[in-house]
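# Inside the fold
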Amino acid sequence: MAAMQAVIFDVDGLLLDSEAVYRQSWTEAAAAQDFTLTPERYASFIGQRIPWCEEQLAVLAGPGFDLGAFRAAWRAGWREIARHGVAPKPGALALVAALRAQGIPCGVATSSARAEAELSLAAWISHFDAVVTGDQVVNGKPAPDIYLLAAERLAIAPQRCLALEDSSNGARAALNAGMRLIIVPDLVEPAAEVAQRAFRIFPSLTAAHAEVLRQLGIDQK
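An account of the accompanying structure is given in this report. Computed from a predicted structure; not experimentally measured. (Residues numbered from 1 in each chain as written. Predicted model: local features only at pLDDT ≥ 70, side-chain atom pairs only at ≥ 80, totals over all residues. Heavy atoms only, no water.)

Scanning the chain for helices and strands turns up ten helices and six strands. The C-alpha radius of gyration computed for the chain amounts to 17 Å, which stays within 12% of the reference 17 Å derived for 221 residues, consistent with globular compactness. The principal-axis extents of the C-alpha atoms in the chain amount to approximately 60 × 35 × 30 Å. Split into buried and exposed, the 221 residues of the chain put 51% on the buried side. Summarising the internal contacts of the chain: among those between residues at least 6 apart in sequence, 62% fall at separations of at least 24. (Helix = DSSP H or I, 4+ residues; strand = E, 2+ residues; numbered from the N terminus. Rg over C-alpha atoms; globule rule 2.2 N^0.38 Å. Buried < 20%, exposed > 50% of the residue type's maximum accessible area, 1.4 Å probe, protein only. Contact = heavy atoms within 4.5 Å.)

So this is what it looks like as structure tokens:
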């Protein structure tokens, strides 16, 4: 099996423990309009582009739901939490540091908008050679666009990129781009058909660390 040449990371729920922040801000903003956003409903949005999720929520909430007010409320709530710092997922810092030490090209492919990615990643953003966000592509995950653009910016063929994802939609996007996929689930376990197509599934980035390096042909002795 050919060694990979680059790694492309999702952000929310994979590098950062930010899905919980999004869920809290969305739930509170929906509640302000007397709509209950259940964990199950929120889970269906994970890995999708935010504008699409907002529109779907408005449909679920029905007539009278003020999408503009909801959008302003959740973003204000999210920024209030995120400005204090979004915690990295276990093993994230160590894995990124190990890859950078080896000179491995690293990219980000996140459904979040650029402004949100910059706020949540903060100083981390300088560790990545390419940062592609949901507002930079026409078709969001599970379409392959965001991963293909990340590979293009890294100047590495998609087939030689290792993608790390937590959500089923994100995993589908990486697979549709022709990348080798490792899944590290966050709030929701991957769909069966996605799990079957993944190269490996790990409970954390700490557990995935050695395999990621092995896929890049890095001697770990």
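Tallied over the entire structure, the rule returns twelve salt bridges. For Lys 89, the salt bridge is made with Asp 186, and the minimal N-O distance between the two is 2.7 Å. Taken together, the positions of Lys 89 in the loop between α4 (67-82) and α5 (92-101) and Asp 186 in the loop between β5 (180-183) and α9 (192-197) put the pair 97 residues apart, joining distant regions of the chain. Judged on exposure class, the residue Lys 89 and its partner Asp 186 are both buried. Note that Glu 193 and Arg 172 form a salt bridge whose closest N and O atoms lie 2.6 Å from each other. With a gap of 21 residues between them, Glu 193 in helix α9 and Arg 172 in helix α8 (residues 168-176) connect regions that are remote in the sequence. A residue is classified by how much of its surface remains accessible, and Glu 193, at 36% relative accessible area, is partly exposed. (Salt bridge = Lys/Arg side-chain N within 4 Å of Asp/Glu carboxyl O.)

Take the environment of Leu 216 next. Here Leu 216 is to be found in the segment after α10 (205-215). Judged by relative accessible area, Leu 216 falls into the buried class, the value being 8%. Placed 112 residues apart in sequence, Leu 216 and Ile 104 show a C-alpha to C-alpha distance of 8.3 Å. If sequence neighbours within four positions are ignored, Leu 216 has contacts with Ala 3, Met 4, Gln 5, Ala 6, Val 7, Leu 99 and Ile 104.

Take Asn 139: it is sitting in the loop between β3 (130-133) and α7 (145-154). For the pair Asn 139 and Trp 124, spaced 15 residues apart in sequence, the C-alpha separation works out to 26 Å. Dropping the residues within four chain positions of it, Asn 139 is found in contact with Arg 49 and Asp 145.

The strand order across the open sheet formed by six strands is β3-β2-β1-β4-β5-β6, and the pairing between neighbours is parallel. The open sheet has two free edges, formed respectively by β3 and β6 (200-201), since each of these has just one partner strand. Direction of pairing for strand β1 (residues 6-9) relative to strand β4 (residues 161-165): parallel, over a ladder of four bridges. Along β4, the bridge assignment pairs Phe 9 with Leu 164. (Pairing = 2+ DSSP bridges.)

Here helix α3 (residues 50-61) spans 16 Å end to end across twelve residues, near enough to the 16 Å set by a 1.5 Å rise per residue. The complete set of buried residues in α3 reads Ile 50, Cys 53, Glu 54, Leu 57 and Ala 58. Each buried residue of α3 lies within a common arc of 140° when the element is viewed along its axis, so the set occupies one face. Where α3 is buried, its residues contact α1 (19-31), α4 and α6 (114-121). Looking one or two places after α3, you find Gly 62, whose phi comes out positive at around 90°. (Expected span 1.5 Å × (residues − 1). Arc of directions from axis to C-beta.)

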